[in-house]
Amino acid sequence: MILTAATWNVNSVRARLSHVTRWLSENPVDVLCLQETKVTDDLFPGDELAGLGYSATVHGQKSYNGVAVLSRVTLEDVFTGLPSGFLGDQARLLSFRCRGIRFLNAYVPNGGDVALPAFELKLRWLTELLAAADSTAEPVIVMGDFNVAPGPDDTHSPEEQEGSVCYHPHERERIQAFLHTGFVDMFRVFHPEGKAYTWWDYRAGAFRRNMGMRLDLVLASQTAAPLFRGVKIDPEPRGWDKPSDHVPVLCDVEVPE
DNA sequence: ATGGCCGGGAAGCCCGGA
């Protein structure tokens, strides 16, 4: 059977609730990983989503960050945060097993600016994310907002952006470290050529001018990659009224009955 | 050339985002 899974940074799940419900009714995926929910667990709008047949597994905090999984299939072995506890006061990682696959739903720190200490924390967070993803024999899928464009086709102006946050060589090296470890950037397996974006700045008419970046990634371990049947970006919600600045990335994964 | 927008929470601005 095919398991359908998606990742979407919604930039506040409460502000985007109508978009999430609309999108799920049009794209009834089995698993939807959310980032930047920006809400404590007690205020997560679970009842509205239960009406669509989805249960919510949440790891939130007030105002900032927050990850959650909406699912209509059973999740097992849920845990939150990096194993070391690094940046444990920020809700950025939610891991679970589904149909024999270990998923990591990740919201990587933005880093602010390459000159700031926050940027070094981002690099270390990425290093620890890889260690966590590489620590199990299960097939692994890491999906979420990586806040890094892996290569020149993943951003609108690579020459201008070279060395700036989300396109600094040290960040791209961290993505390369995933690939060297055997992880595969699944979107590029199915769409190897051409510019492709998942995020467009709210400012400057960036979406209208298609000045975006591909920051939302699906990385699959060596044993998970052959299970993939397709990956696509859905740019549509970026054109809806009061959108998130990110759009969903969907994938089809073949799993045993 | 520059900057242009959001959300949350507090407060009538500031932080953080990317």
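Please refer to the structure placed before this passage.
Criteria and thresholds
Residues numbered from 1 in each chain as written. Chains lettered and ligands numbered in written order. Predicted model: local features only at pLDDT ≥ 70, side-chain atom pairs only at ≥ 80, totals over all residues. Heavy atoms only, no water. Helix = DSSP H or I, 4+ residues; strand = E, 2+ residues; numbered from the N terminus. Rg over C-alpha atoms; globule rule 2.2 N^0.38 Å. Areas by Shrake-Rupley, 256 points an atom, 1.4 Å probe, with all protein chains shown as cover. Lys, Arg positive; Asp, Glu negative; His and termini not counted. Charge placed at Lys NZ, Arg CZ, Asp CG, Glu CD. Buried < 20%, exposed > 50% of the residue type's maximum accessible area, 1.4 Å probe, protein only. Pairing = 2+ DSSP bridges. Axes fitted to C-alpha atoms, helices over the stretch in contact; angles between N-to-C directions. Contact = heavy atoms within 4.5 Å. 1 Å grid on protein atoms, 1.4 Å probe; cavity = no way out; pocket = protein on both sides within 12 Å on 5 of 7 lines; lining within 4 Å. Points joined across faces, edges and corners; volume = space filled by probe spheres on them. Nonpolar A, V, L, I, M, F, W, Y, C, P; charged D, E, K, R; others polar. Salt bridge = Lys/Arg side-chain N within 4 Å of Asp/Glu carboxyl O. Near = heavy atom within 4 Å. Polar contact = N/O pair within 3.5 Å; in protein donor to acceptor, adjacent residues only side chain to side chain. Expected span 1.5 Å × (residues − 1).

A.B. asks: How do you make sense of the overall build of chain A when you look at a structure like this?
C.D. replies: When you go through chain A residue by residue, the secondary structure sums to six helices and 14 strands. Over its C-alpha trace chain A gives a radius of gyration of 17 Å, about what one expects of a compact globule, namely 18 Å for 257 residues. Just so you have it, chain A exposes about 10,800 Å², and 51% of that area is on carbon and sulfur atoms. Taking the average location of the 24 positive side-chain charges in chain A and that of its 34 negative ones, the two points are 4 Å from each other.

A.B. asks: Can you help me understand the environment of Leu43 in this one?
C.D. replies: Here Leu43 lies in the loop between β2 (31-35) and α2 (46-50). Judged by relative accessible area, Leu43 falls into the partly exposed class, the value being 47%. As a C-alpha pair, Leu43 and Arg14 span 29 residues in sequence and 8.9 Å in three-dimensional space.

A.B. asks: What exactly am I supposed to notice about unusual backbone geometry here?
C.D. replies: Outside of glycine, negative phi angles account for most residues, and trans bonds account for most peptide bonds. The residue Glu36 is not glycine, and still its phi comes out positive at about 55°. Within the fold, Glu36 resides in the loop between β2 and α2. Positive phi is not limited to glycine here, since Asp77 has a value of about 50°. Take Asp77: its relative accessible area is 44%, and that puts it in the partly exposed class.

A.B. asks: Can you help me understand the sheet that holds strand β13 (residues 228-233) in this one?
C.D. replies: Strand order in the open sheet formed by six strands is β3-β4-β2-β1-β14-β13, and the pairing between neighbours is mixed. Taken across any chain shown, the strands that pair with only one partner, and hence form the sheet edges, are β3 (55-59) and β13. The mean inter-strand angle of the sheet, taken between neighbouring strand axes irrespective of direction, is 15°. Both strand β1 (residues 2-9) and β2 contribute to a ladder of five bridges, which runs parallel. Each residue of the ladder has a partner; that of Ala5, found in β2, is Val31. Sitting on the sheet, helix α1 (residues 17-26) touches β1, β2, β4 (67-71) and β14 (249-254), and the angle it makes with β1 is about 160°.

A.B. asks: I would appreciate a short explanation of the layout of surface pockets in the present structure.
C.D. replies: In this approach, a probe sized like a water molecule rolls over the atoms, and the result shows the empty space that is left. In this structure, the largest pocket encloses a volume near 540 Å³. Trp199, Asp201, Arg203, Met213 and Asp245 are, among the 26 residues lining the largest pocket, the residues nearest its centre. Split by residue class, the lining of the largest pocket holds 10 nonpolar, eight polar and eight charged.

A.B. asks: Help me out: how do you make sense of the pattern of salt bridges in this one?
C.D. replies: When the charged atoms of two side chains with opposite charge come close together, those side chains can pair. In total, this model carries 14 salt bridges according to the counting rule given. Linking Lys122 and Glu171 is a salt bridge whose minimum nitrogen-to-oxygen distance equals 2.5 Å. Pair noted here: Lys122 is in helix α3 (residues 117-133) and Glu171 is in helix α5 (residues 169-180), with a separation of 49 residues, a long-range link. Overall, the relative accessible area of 0% leaves Glu171 in the buried class. Salt-bridge contacts for Arg124 lead to Glu128; the nearest nitrogen and oxygen are separated by 3.0 Å.

A.B. asks: Mind showing me how you'd approach the protein's contact with DNA strand B here?
C.D. replies: Around DNA strand B lies a shell of 25 residues, among which Ser12, Ser63, Asn110, Ala204 and Leu215 are the nearest. Taking the atoms of DNA strand B that fall within 4 Å of the protein, sugar and phosphate contribute 63% of them. The side chain of Asp145 places a nitrogen or oxygen atom 3.4 Å from a phosphate oxygen of DNA strand B. The contact in question runs from a phosphate oxygen of DNA strand B to an N or O atom on the side chain of Asn147, over 2.9 Å.

A.B. asks: Just checking my understanding: could you explain the side chain of Thr7 for this structure?
C.D. replies: Residue position: Thr7 is located in strand β1. Residue class for Thr7 comes out buried when judged on its relative accessible area of 0%. At 2.9 Å, the side chain of Thr7 forms a polar contact with the side chain of Gln35. Discounting chain neighbours no more than four positions away, the residues touching Thr7 are Leu32, Cys33, Gln35, Met143, Gly144, Val218, Val247, Pro248 and Val249.

A.B. asks: Please explain α3 as it appears in this structure.
C.D. replies: Spacing of three or four residues puts side chains on the same side of an α-helix, whose turn is 3.6 residues. An ideal rise of 1.5 Å per residue puts 24 Å on 17 residues; α3 measures up with 25 Å between its terminal C-alpha atoms. For α3, every residue scored as buried is listed here: Phe119, Lys122, Leu123, Trp125, Leu126, Glu128, Leu129, Leu130, Ala132 and Ala133.

A.B. asks: How do you make sense of empty space enclosed by the protein when you look at a structure like this?
C.D. replies: Throughout the structure, instances matching the rule amount to one cavity of 30 Å³ or more. Put simply, the largest cavity is a space of about 60 Å³. Taken together, His59, Gly81, Leu82, Phe86, Leu87, Gly88, Gln90, Arg92, Leu93 and Trp125 make up the lining of the largest cavity. The class makeup of the residues in the lining of the largest cavity is five nonpolar, four polar and one charged.

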